[in-house]
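Single-letter residue listing:
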Amino acid sequence: MIDSQLLREQLNNKIDELWTEQVEFLKTITRFPSLSGKEHRLQLFLADYLSTKLNLQVDRFYPDIERIEKHPGFSPVNWSYEYSDIVIGTKKGANPSEGKTLIFQGHADVVSAEPTIEWETSPWEPVEKEGRLYGRGTADMKGGLSAMIFAYRALIECGYVPNNDFMLQIVPDEERSGNGALAALEAGYTADAALIPEPFGLQPSTGQVGSLWFEISLRTIKKDQINQTQTNVIEKIHMITSALLAFERHLNQTRSHLTFSDQDKPIDLNIGKVTAGDFASNEPIRAKIEGRVALLPGESVAERKQELIEWIMQETKKDAWFIENPPDIEFYGFHAEGTLSNESSELFKELDTAHELVTNTQPSRRTLPSTTDARFFQLYYDIDATCYGPIGGHFHEVNEWVDLKSVRDVTKVYANFLASWCGVDEK
């Protein structure tokens with residue numbers, strides 16, 4: 001029988017021994033500009049690493065839209081997955097027992113680094129400074145990717161193998177839809193539990209909001225056989241943006257959820273992109289406003305869509321021009337429901353234990369003001385899942401960073417959790 005204290009010491013010491021290599025690995029994967037839709041080069045690198053360094057059985061494939069488009073968790077998209085492959089590394093259990101298979105899952109894609117001119121250093125050339133690593137994706141979530149990969153590497157380099165089936169899943173398009181994770185699960189890559197290393201400060205997540213992406217288009221030119229009339233569309237945009245902000249206030253005043261009582265504004269509405277005009281001396285006649293609005297657990301995507309449409313139509317009717325020229329509202333990308341985690345599950349109990357053993361502190365909890373792939377495991381596959389990852393800052397902003405000590409701690413927590421959850425045996 002393997003001594004648990006000895007095993008813990010071996011794992012922690014091996015992670016310390018590999019730490020310099022892990023930081024270099026993190027810097028290497030950060031240099032890949034793996035924007036959503038352009039994950040392919042990074043995924044090739046990771047597939048090779050999982051195969052050659054970790055001796056995992058690797059499957060690499062692309063999301064099958066026809067297979068998942070009827071699934072209730074599917075998000076409709078107007079882009080292809082030609083360069084967005086999924087990478088799965090699997091180790092079959094040496095001595096399997098019921099209820100103890102495990103997935104570590106992370107996403108390969110990152111958001112745009114623009115405007116890069118605002119960064120203090122290049123977003124694609126990671127810089128280490130005062131215990132932090134700066135660069136696009138260092139926190140969200142390549143620091144976490146390095147943690148879950150090196151946790152397993154530490155285990156096997158200590159001479160152990162998991163008793164139960166274990167998988168490393170690296171998926172694309174988490175930042176726009178989550179369809180990569182859905183495609184992996186629909187392809188049969190499931191387990192009894194899953195950890196996702198989202199960078200929320202070594203705190204297991206107890207719940208997350210859903211997300212719905214919208215697009216509102218305006219066209220202000222009117223033509224008939226004789227005349228053409230047009231209005232400056234930029235002068236009309238402000239009414240739409242004002243209506244959206246009023247909708248956000250309305251939702252937060254009229255909806256609540258006990259789990260999210262720690263958040264002042266859990267239902268966030270973000271106006272992320274506005275496009276209009278093409279020349280300083282032209283009268284702009286087309287505009288597009290793109291954004292996202294959150295959903296609390298229990299709220300449906302279909303209902304939020306209808307609420308948004310009705311709100312915008314009602315607000316714009318206060319303007320005579322909009323009565324004859326109503327905006328066009330469409331939805332694409334994220335169609336994600338909110339979800340809750342089961343804090344009384346074995347997953348949380350064993351994760352708490354691993355956290356305490358590594359950090360010598362009691363774990364705290366947090367809710368997420370954003371959407372993660374954890375929802376698929378919880379809502380549709382009856383798989384216990386939570387997010388637990390390093391400390392970081394400026395996610396989706398300039399000068400993104402991750403705290404390197406926290407990455408090392410997360411790596412140790414993941415290694416100890418893996419050994420506890422799956423059980424291990426000597427090679």
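Quick look at the structure, then. (Residues numbered from 1 in each chain as written. Predicted model: local features only at pLDDT ≥ 70, side-chain atom pairs only at ≥ 80, totals over all residues. Heavy atoms only, no water.)

A closer look at the sheet that holds strand β9 (residues 205-208)
Taken in spatial order, the 3 strands of this open sheet run β16-β9-β17, and their pairing is mixed. Strands with a single pairing partner mark the edges of an open sheet, and in this sheet they are β16 (339-340) and β17 (366-368). The pairing of β9 with β17 spans 3 bridges and is parallel. Across the sheet, residue Gln 208 finds its bridge partner in β17, namely Leu 368. (Pairing = 2+ DSSP bridges. Helix = DSSP H or I, 4+ residues; strand = E, 2+ residues; numbered from the N terminus.)

Focus on the pairing of strand β14 (residues 286-295)
With 8 of 10 residues buried, β14 lies mostly within the body of the structure. Pairing between strand β10 (residues 210-219) and β14: 10 bridges, direction antiparallel. Pairing of Gly 210 across the sheet is with Leu 295, part of β14. Sheet topology places strand β13 (residues 269-276) next to β14; 7 bridges connect them, and they run antiparallel. The partner of Asn 270 across the bridge, within β14, is Arg 292. (Buried < 20%, exposed > 50% of the residue type's maximum accessible area, 1.4 Å probe, protein only.)

Re the sheet that holds strand β8 (residues 193-196)
One open sheet holds the 6 strands; their spatial order is β1-β2-β7-β3-β8-β18, and the pairing between them is mixed. The two strands at the open ends of the sheet, each matched to only one other strand, are β1 (57-61) and β18 (384-387). Strand after strand, the sheet turns through a mean of 15 degrees between neighbouring axes, direction not considered. Two elements, strand β3 (residues 102-107) and strand β7 (residues 166-171), share 6 bridges in a ladder whose sense is parallel. Along β7, the bridge assignment pairs Gly 106 with Ile 170. Packing against the sheet, helix α5 (residues 138-157) makes contact with β2 (86-91), β3, β7 and β8, and its axis sits at approximately 150 degrees to β3. Helix α12 (residues 404-422) contacts β3, β7 and β8 of the sheet and is inclined by roughly 150 degrees relative to β3. (Axes fitted to C-alpha atoms, helices over the stretch in contact; angles between N-to-C directions. Contact = heavy atoms within 4.5 Å.)

Details of unusual backbone geometry
With omega at -5 degrees, the peptide bond leading from Glu 114 into Pro 115 counts as cis. Relative to the helices and strands, Pro 115 resides in the loop between β3 and β4 (127-129). The omega torsion of the bond from Asp 140 to Met 141 falls at -5 degrees, within 30 degrees of zero and hence cis. Looking at the element boundaries, Met 141 is found in helix α5. In this model, Glu 130 sits at a positive phi of 50 degrees, which is unusual for a non-glycine residue. For Glu 130, the location among the structural elements is in the loop between β4 and β5 (132-134). In this model, Asp 173 sits at a positive phi of 60 degrees, which is unusual for a non-glycine residue. As for its placement among the helices and strands, Asp 173 is situated in the loop between β7 and α6 (179-186).

Description of the packing of helix α7 (residues 234-254) against helix α8 (residues 301-316)
It is at 10 Å that the axes of α7 and α8 come closest, and there the two elements cross at 130 degrees. In terms of orientation, α7 lies oblique with respect to α8. α7 and α8 meet at a crossing whose hand is right-handed. On the side of α7, the interface is formed by Met 239, Ile 240, Ala 243, Leu 244, Ala 246, Phe 247, His 250 and Leu 251, while α8 contributes Arg 304, Glu 307, Leu 308, Trp 311, Ile 312, Glu 315 and Thr 316. Here the contact of α7 with α8 is composed, by residue class, of 10 nonpolar, 2 polar and 3 charged. (Parallel < 35°, antiparallel > 145°, perpendicular 65-115°, else oblique. Left-handed = near helix turned anticlockwise from the far one by under 90°. Nonpolar A, V, L, I, M, F, W, Y, C, P; charged D, E, K, R; others polar.)

Observations concerning α7
Taking 1.5 Å per residue, 21 residues should reach 30 Å; α7 reaches 31 Å between its end C-alpha atoms and fits that length. Those residues of α7 not exposed but buried are Lys 236, Ile 237, Ile 240, Thr 241, Ala 243, Leu 244, Ala 246, Phe 247, Glu 248 and Leu 251. Buried positions along α7 lie against β10, β13, β14, α8 and α9 (320-324). (Expected span 1.5 Å × (residues − 1).)

Here we look at the nonpolar core
Counting 59 residues, the largest nonpolar core has Leu 54, Leu 102, Phe 104, Ile 149, Leu 168, Ile 170 and Phe 417 as its most contacted members. Listed in part, the 28 residues of the second largest apolar core include Val 209, Ile 216, Phe 260 and Ile 289. (Core = buried A, V, L, I, M, F, W, Y, C linked by side-chain atoms within 4.5 Å.)

A closer look at the packing of α5 against α12
If you want to describe how two helices pack, look at the angle between their axes and the distance between the axes. Two elements in contact, α5 and α12, have axes whose closest approach is 8 Å; the angle formed by their N-to-C orientations is 45 degrees. Taken together, α5 and α12 sit at an angle that is classed as oblique. The crossing of α5 and α12 is right-handed. Where α5 approaches α12, its residues Gly 143, Ser 146, Ala 147, Met 148, Phe 150, Ala 151, Tyr 152 and Leu 155 are matched on the opposing element by Val 407, Val 410, Thr 411, Tyr 414, Ala 415, Leu 418 and Ala 419. Looking at side-chain class alone, the contact of α5 with α12 contains 12 nonpolar, 3 polar and no charged residues.

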